[in-house]
Amino acid sequence: MIERTQDWDIRARGESCGDCGRPFADRETLYSRLTFGSDGYQRDDYCEPCWSRQKEEPALSVWQSVFRVPPPPPEEPLKKETVESLLRKLMEEGAPGALNTIYILAVMLERRRLLTEKDVQTRDDGMKVRVYEHRKTGETFLIPDPELKLSELEQVQEEVVIMLGGEPRNKAAENEEVSENEDKEEYEDEEEDEDV
Ligand SMILES: [Zn+2]
């Protein structure tokens, strides 16, 4: 299970420094390092003083961010599938056929500024892997970039809209009875205007 069979991965941000063990304070600057070892991807987070002693060690990616105390989990489970919940579900399932869909969902979240790209790596097999950080939870999302052509991109986007419960664009255009409201719901997302 822990071999490099899984193409994508989510690595949670640590709640405390990986060296001195001190819990991070709200708004504290922290430093993150991504490495790849026999157990797969590993992410370590450090406070500033500890980082100054760690930074020379080899890593795939390093980045700096600001720690935010995570928001409490929502009281009710989300009823509607959102871009984010769909992305998490597909990544958890790890279905190889979902490569393109997962990439598109990640790009959608990046456009909504919920994911921030921190780095791009190139794997041994030549596949690009985009390293995103979730702006609220600080998790690292490792998303292989299938480098889709424009025509493929449109097709995958249609599939994603259907998965989110929307009407495919072509069909909606043909069918005049589809109300405008239904159409607009495709990209509705409750997280959209929570940017700080
Ligand atoms: Zn420390």
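Topic: unusual backbone geometry
- Here the phi dihedral of arginine 27 falls at roughly 70°; this positive angle occurs in a residue that is not glycine.
- Tracing the backbone shows arginine 27 in the loop between strand E1 (9-11) and strand E2 (29-37).
- With 9 C-beta atoms counted inside 10 Å, the residue arginine 27 sits in the exposed group.
- With phi around 60°, arginine 113 is a residue other than glycine that occupies positive phi space.
- Following the sequence through the fold, arginine 113 ends up in the loop between helix H3 (99-111) and strand E5 (115-122).

A few points about the sheet that holds strand E4 (residues 61-66)
- As summarised here, the arrangement of the three strands in space is E3-E2-E4, forming an open sheet in which the pairing is antiparallel. Edge positions in the open sheet fall to strand E3 (40-47) and E4, since each of these has one partner strand only. Direction aside, the axes of adjacent strands within the sheet are offset by 25° on average.
- Of the strand pairs in this sheet, E2 and E4 are connected by six bridges, and their pairing is antiparallel. Opposite threonine 29, over in E4, you have valine 66 as the bridge partner.

Points about the sheet that holds E5
- What the four strands build is an open sheet, ordered E1-E7-E6-E5; its pairing is antiparallel. Two strands close off the open sheet at either side, each with one partner strand: E1 and E5. Strand-to-strand twist of the sheet, defined as the mean angle between neighbouring strand axes without regard to direction, takes the value 25°.
- Looking at chain direction, E1 and strand E7 (residues 140-145) are connected through three bridges and run antiparallel. By the bridge assignment, aspartate 9 is partnered in E7 with leucine 142.

A short note on helix H2 (residues 83-93)
- Considered for burial, the residues of H2 that qualify are Val83, Glu84, Leu87 and Met91. For H2, the angular spread of the buried residues around the axis is 95°, confining them to a single face. Opposite the packed face of H2, turned more than 90 degrees from it, sit the exposed residues Glu92 and Glu93.
- Directly after H2, the chain includes glycine 94, whose backbone phi takes a positive value near 65°.

Quick word on the packing of H2 against H3
- Between H2 and H3, the shortest axis-to-axis distance is 9 Å and the interhelical angle comes to 145°. Our pair here, H2 against H3, has a crossing hand that is left-handed. Residues Val83, Glu84, Leu86, Leu87, Leu90 and Met91 of H2 pack against Thr101, Ile102, Leu105, Ala106, Met108 and Leu109 of H3.
- The residue makeup of the contact of H2 with H3, split by class, is ten nonpolar, one polar and one charged.

A short note on the pairing of E7
- The sheet contact formed by strand E6 (residues 128-134) and E7 spans six bridges and is antiparallel. From the neighbouring strand, glutamate 133 faces E7, where its bridge partner is threonine 140.

Thresholds, definitions, all that
Residues numbered from 1 in each chain as written. Predicted model: local features only at pLDDT ≥ 70, side-chain atom pairs only at ≥ 80, totals over all residues. Helix = DSSP H or I, 4+ residues; strand = E, 2+ residues; numbered from the N terminus. Buried ≥ 20, exposed ≤ 12 C-beta atoms within 10 Å, placed from the backbone. Pairing = 2+ DSSP bridges. Axes fitted to C-alpha atoms, helices over the stretch in contact; angles between N-to-C directions. Arc of directions from axis to C-beta. Left-handed = near helix turned anticlockwise from the far one by under 90°. Contact = placed C-beta atoms within 7 Å. Nonpolar A, V, L, I, M, F, W, Y, C, P; charged D, E, K, R; others polar.

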